[in-house]
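Summary of the model geometry
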Amino acid sequence: MSQPFSQTPQLKKRTSVLVFLKGTTAPLVLYVENPEMLYDELSQILKVNSTTPRLIEKSTLGPIKKVCIQSTQICAIAMQEEQYI
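This write-up is about the structure you can find in this document. Sequence order as written defines the numbering, with residues in each chain counted from 1. In keeping with the predicted nature of the model, local features appear solely for residues at pLDDT of at least 70, side-chain atom pairs appear and are counted solely at 80 or more, and the whole-chain, interface and lining totals rest on all residues. Hydrogens and water are ignored here; the side-chain numbers use all heavy atoms of the structure.

So, the pattern of salt bridges
Just to be clear on terms, a salt bridge is a Lys or Arg side-chain nitrogen sitting within 4 Å of an Asp or Glu carboxyl oxygen. Throughout the structure, instances matching the rule amount to four salt bridges. With a closest N to O distance of 3.7 Å, Glu81 and Lys13 form a salt bridge. A residue pair is termed long-range when its members are at least 10 positions apart, and Glu81 in strand 5 (residues 74-84) and Lys13 in strand 1 (residues 12-21) qualify at 68 residues. Ionic pairing is found between Glu57 and Lys66, a salt bridge with its closest N-O pair at 3.6 Å. Think of it in three bands: residues with accessible area under 20% of the maximum for their type are buried, residues over 50% are exposed, and the middle band is partly exposed, with areas taken using a 1.4 Å probe on protein chains only. Here Glu57 falls in the partly exposed class, since its relative accessible area comes to 46%. Looking at Lys66, the relative accessible area reads 56%, which means it is exposed. Numbered from the N terminus, helices here are DSSP runs of H or I no shorter than four residues, and strands are runs of E no shorter than two.

Quick word on helix 1 (residues 35-48)
To estimate the expected span of a helix, subtract one from its residue number and multiply by 1.5 Å. Across its 14 residues, helix 1 extends 20 Å between first and last C-alpha, which sits within 8% of the 20 Å expected from 1.5 Å per residue. All of the buried residues in helix 1 are Pro35, Leu38, Leu42, Ser43 and Ile45. Down the axis, helix 1 shows its buried residues gathered within 155° of arc, on one side only. Opposite its buried face, helix 1 presents the exposed residues Glu36, Met37, Lys47 and Val48, each directed more than 90 degrees away. Of all possible arcs, the one meant is that of the directions from the helix axis to the C-beta atoms.

With respect to the pairing of strand 1
Strands pair, by our definition, only if DSSP identifies at least two bridges between them. As paired strands, strand 1 and strand 5 are joined by ten bridges and run antiparallel to one another. When the bridges of strand 5 are listed, Val19 appears paired with Ile77. Two elements, strand 1 and strand 2 (residues 28-30), share three bridges in a ladder whose sense is antiparallel. In the sheet register, Val19 faces strand 2, and the bridge partner there is Leu28. Taking the residues that link successive antiparallel strands as the turn, the strand 1-strand 2 hairpin has six residues, and the phi of Gly23 there is positive, at about 80°.

And the structure:
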């Protein structure tokens, strides 16, 4: 028997930041409070194109709780919006 329309779960949206690292095939998927701010911060690091490595440490909300990334290892970043129940 199917559920009435009023009891169907509501779809929600969340945005994650994908960090692509040199030498890896899958990106790090980071869920943070303010994904736009993290995306802007990481894109600024890519724009500077510094050869001096800088350690970036972030706390996140998803399955990855904390991450440290060497700035010279980032090759691309993206924002992804996904739906969930």
